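# Tertiary structure, described
The primary structure of each chain is shown beneath.
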Amino acid sequence: MWWLVCLVGLSSLLVNGENHKLSMLTWNTLSCEDTFAEGYGCPSEILRLDALLARGYTEEQGKSNLLSKRFRRVAKALDDVKGVHQVIALQEIDLPSVHGGQHLLEYFKAEDQTWKIFCSTDSASERVLLLVDSQYFTKIDDFEFDQDGVLGCAASVSAVGGQQITLASVHLSAARVRNPETVRQTIETLMDVVPQGSPVIMGGDFNAHIPDLFHIIKDVAKERNSSHVWSSYTATNNTGTDRLRFTSQHEHNFLAAYDGFITRGLADNGTSVVVHEAGFLPKYLRDNGEFGASPFRYSEGPYPNLNGPLLQNHIELSESSYSWSSLSDHCAVSANFQLSSDSSLLPLSVLLIASYCLLLLFSFN
């Protein structure tokens, strides 16, 4: 039977040694400030806070109450997605000094036996980090950056199969990326902050419609005569739905695909994208307001009614999109990427297994 073992080993190497799947999720988990801020906060959470204030809570007590419950829900959601992803990029994590001491990392155990924080960086108001399952990747080096409106971190890793790749979690400044005078410089910085050698996957909240930003990336790459292939993946392509073509709603009542992935030097081998709509928190809910009628409302009545599942254009968004089960004003986005193995190692591996099999052949004869 030794010959069968050799045959299976060689076949497995040749078939499985070519590509490995990388499942990555990116999510802006919604900071305290962006939850309750007047003018750009989440209407449903602000109404829930007002109800607590009417019952005698102080503002700090009310915020602490709502944040602790929401962060527990977000923590559970992250624990669930760990089982089906190898990489998680998180943005807008509150620093520990927030209202009442409530912050996501108080409830979410980022690191465990295999999941490790491969990189993180703090600004004055938030933390961005990259979580990686160390069963599949070994960290080589890590980098932090906070310049020209590009906040984030990256880790160079070696994947199973030998390929080296750079993974990043990024959060772009809305003020810079939506300003025609600064957006190009911000995009150029985004393209330059990660190492230039290996392929790159950047997951993040880019704070502007990714397809629009990607036009700038292509223009810059062309002007630089770059040999790298750039690609983008978000809610507008490969999501398999005609309805959910957004990842966030602006407080001025327009939908956009802010969240997703930008890659460099990675072949598109049928990359699939999923937008996770459960727990979505709209930023604008009015039927007749300054910015028109919102596409969202809760099923049992118009704003300020918060009862029933959330509807998008009269269609139920998700079974888990009740106001009391809210998670974030951004949808999490995940994608499956195909990584190529280090092809230079393949002939050597085949030679070693073949030599072992020949040795067995002569020993049996």
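My aim in this report is to walk through the structure given alongside it, one point at a time. Owing to the predicted nature of the structure, the values given are computational and were not obtained by experimental measurement.

## A few points about the nonpolar core
- Within the largest apolar cluster, 26 residues are counted, with the highest numbers of intra-cluster contacts made by Leu 172, Ile 187, Leu 190, Met 202, Phe 206, Leu 213 and Trp 230.
- Those elements that provide at least two residues to this core are β6 (150-159), β7 (164-172), α6 (183-192), β8 (200-205) and α7 (210-223).
- Setting aside residues up to four positions removed in sequence, Leu 213 forms contacts with Leu 172, Val 177, Val 183, Ile 187, Phe 206 and Ala 208.

## Structural notes on the pattern of salt bridges
- Going through the model one piece at a time under the given rule, you end up with 11 salt bridges.
- One salt bridge connects Arg 184 with Glu 188, and the closest N-O pair in it is separated by 3.1 Å. Of this pair, Arg 184 and Glu 188 both sit in helix α6, 4 residues apart, which is roughly one turn of that helix.
- Residue Arg 184 is classed as partly exposed on the basis of its relative accessible area, which comes to 32%.
- Several salt bridges share partner residues, and in doing so they unite Arg 184, Glu 188 and Glu 223 into one network.

## Considering the packing of helix α3 (residues 43-54) against helix α4 (residues 59-82)
- Where α3 contacts α4, the axes come no closer than 9 Å and their chain directions differ by 130 degrees. Relative to α4, the element α3 is oriented oblique. Crossing geometry of α3 relative to α4 is assigned as right-handed. Here α3 contributes Glu 45, Arg 48, Leu 49, Leu 52 and Leu 53 to the contact with α4, which in turn contributes Glu 59, Gly 62, Lys 63, Asn 65, Leu 66 and Arg 70.
- Across the contact of α3 with α4, the residue classes break down as 4 nonpolar, 2 polar and 5 charged.

Rules behind the numbers
Residues numbered from 1 in each chain as written. Predicted model: local features only at pLDDT ≥ 70, side-chain atom pairs only at ≥ 80, totals over all residues. Heavy atoms only, no water. Core = buried A, V, L, I, M, F, W, Y, C linked by side-chain atoms within 4.5 Å. Buried < 20%, exposed > 50% of the residue type's maximum accessible area, 1.4 Å probe, protein only. Helix = DSSP H or I, 4+ residues; strand = E, 2+ residues; numbered from the N terminus. Contact = heavy atoms within 4.5 Å. Salt bridge = Lys/Arg side-chain N within 4 Å of Asp/Glu carboxyl O. Axes fitted to C-alpha atoms, helices over the stretch in contact; angles between N-to-C directions. Parallel < 35°, antiparallel > 145°, perpendicular 65-115°, else oblique. Left-handed = near helix turned anticlockwise from the far one by under 90°. Nonpolar A, V, L, I, M, F, W, Y, C, P; charged D, E, K, R; others polar.

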